[in-house]
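# Secondary and tertiary structure notes
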Amino acid sequence: MEEILNIFGLETSLFLFQVINFLIVAFILKKFLYNPLMKKLDERKNKIEKGLKDAEDAGIALENAAQERQKILAGAKADADAFAVSAKAALDETKEKFTADAKNRSQQIIEEAKQKASAEFENMNKQIGAMSVEIAGKVISKTLEGLFTEDEKQKVTARALEKIKKGDYEKSAN
Amino acid sequence: MQISPGVLFTIAGFPVTNTVLVTLIVDIIIVLMVFSVYKAMSLRPGRLQNAVESVMGYFYSATKDIAGDRVSFIYPWVLSFFIFIIFNNLIEFIPGFESIRFFSQHAAEGHEHGVPLFRAATSDLNLTLALAVISVIMSHFYSIKYTGIKSYIGRFFSLKMFGLFLLVGMIELISEFVKFISFSFRLFGNIFAGDIALGVTQYFFVMFAFEMFVGVIQAFVFAMLTMAFMTVLTEKSH
């Protein structure tokens, strides 16, 4: 047995040296390589997971914002439509009111003009009548000159004028 | 090439062999790597951190797939075995690694050409046995810790099924001792045989590539077997 051990060079001191040596190396590897590296890997994993979660949250927030925007736009459109309808109604109402007012006012103006024209016409008729009587008086007086005495002439003229004033002038005015 | 490692010198009776020297060099390389990753560790990994994270991530998920929630205590051992063994296996592929000879009082005895100054530490049975012992003992330690002493003993000594389980338990107990041999000699044999094969073929490039492949595979096999044994032993026995 001892011969076999000698052939392979087995020695207790060398064996123990290798045991202790490996345990020290294993300790150093565990303490300064595996543990810190695992910590870093976990940290990286958490960071990646957090990043993914944040991205997912941001996506959801973006989607919500888009929905909210769509909702606000739809609300605004509905408000605008309602406002346009009410504005159109108000405009129509105002337009109708203004049209009716204008119509009334024009009717009134026409009535007033008619009345004024009628009054003017009457006045003119009166003036023309008066002028006609005066002209007629002068024509009669001129025509009767030399045919009658002054006194007769005056009487005939007055009677003719009186007749004109009473009958013919009014008939012709209508 | 002798099976036992070459003694370079002794310190207070402790024989400093070429494999011990290489083990210390590998330790320094691993520690430098660990601290350069530790110092530059950030959420945006650099090249080295990225490489370490990839290896770590692979072993972590592989262990989690098999061991479930016991991954937290199993995977550090699995990964430590892998890193330590792969560095020790691949260091011998540095050109001229075993060409440098060392002449000393100890080396001169029976070696007129001296002994190699460097030799892959995994071609020394002391290291492979040490790793096997740690792997098996830690598996049993976690078995007691996580399944309880009663379940642990019940795994090997049970009178269920008219004593048939006792027979199975005995076989399992023997297999636990066999693990020391299988673990240590598998790794030792592969790397030592590779050393000899490389020497014989004068570092023929096909053999060189094959031995590099063997070095990676053996580190992986050791780590995966440790994971499997730890997982099986930390399961509650029925």
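## Considerations on the overall build of chain A
- On a plain count of helices and strands, chain A comes out with three helices and zero strands.
- Going from the N terminus to the C terminus, chain A shows its helices and strands as α-α-α.
- Over its C-alpha trace chain A gives a radius of gyration of 65 Å, far above what one expects of a compact globule, namely 16 Å for 174 residues.
- Here the C-alpha coordinates of chain A stretch approximately 205 × 20 × 20 Å along the principal axes.
- A total of 174 residues make up chain A; the buried ones form 17% of that total.
- With an accessible surface of roughly 13,900 Å², chain A has 61% of that area assigned to carbon and sulfur atoms.

## Quick look at the packing of helix H2 (residues 47-67) of chain B against helix H8 (residues 205-233) of chain B
Residues and elements named next belong to chain B.
- Here H2 crosses H8 at 30 degrees, and the two axes come no closer than 10 Å. Relative to H8, the element H2 lies roughly parallel. Every pair of crossing elements has a handedness; the one defined by H2 and H8 is right-handed. Contacts between H2 and H8 involve Tyr58, Phe59, Ala62, Thr63, Ile66 and Ala67 on the former and, on the latter, Phe220, Ala223, Met224, Met227 and Thr231.
- Grouping the constituent residues of the contact of H2 with H8 by class yields nine nonpolar, two polar and no charged.

## Focus on the nonpolar core
- Leu33(A), Trp77(B) and Leu131(B) are the most contacted members of the largest nonpolar core, which has 62 residues in total.
- Looking at this core, the elements that each hand over two or more residues are helix H2 (12-144) of chain A together with helix H1 (18-39), H2, helix H3 (71-90), helix H5 (125-147), helix H7 (164-200) and H8 of chain B.
- With 13 residues, H3(B) is the largest single contributor of residues to this core.

## Regarding a nonpolar patch on the surface
Residues and elements named next belong to chain B.
- On the surface, a nonpolar cluster with roughly 570 Å² of combined accessible area is contributed by Met161, Leu164, Phe165, Leu167, Val168 and Ile171.
- Relative to the assigned elements, Ile171 resides in helix H7.
- Given a relative accessible area of 53%, Ile171 falls into the exposed group.

## A word on the side chain of Thr157(A)
- Relative to the helices and strands, Thr157(A) resides in helix H3 (residues 150-173).
- Not counting chain neighbours up to four residues away, the residues in contact with Thr157(A) comprise Gly137(A), Ile140(A), Ser141(A) and Leu144(A).

Rules and cut-offs
- Residues numbered from 1 in each chain as written.
- Chains lettered and ligands numbered in written order.
- Predicted model: local features only at pLDDT ≥ 70, side-chain atom pairs only at ≥ 80, totals over all residues.
- Heavy atoms only, no water.
- Helix = DSSP H or I, 4+ residues; strand = E, 2+ residues; numbered from the N terminus.
- Rg over C-alpha atoms; globule rule 2.2 N^0.38 Å.
- Buried < 20%, exposed > 50% of the residue type's maximum accessible area, 1.4 Å probe, protein only.
- Areas by Shrake-Rupley, 256 points an atom, 1.4 Å probe, with all protein chains shown as cover.
- Axes fitted to C-alpha atoms, helices over the stretch in contact; angles between N-to-C directions.
- Parallel < 35°, antiparallel > 145°, perpendicular 65-115°, else oblique.
- Left-handed = near helix turned anticlockwise from the far one by under 90°.
- Contact = heavy atoms within 4.5 Å.
- Nonpolar A, V, L, I, M, F, W, Y, C, P; charged D, E, K, R; others polar.
- Core = buried A, V, L, I, M, F, W, Y, C linked by side-chain atoms within 4.5 Å.
- Patch = residues over 30% accessible without salt bridge, like charges linked within 9 Å, V, L, I, M, F, W, Y side chains within 5 Å.
- Salt bridge = Lys/Arg side-chain N within 4 Å of Asp/Glu carboxyl O.

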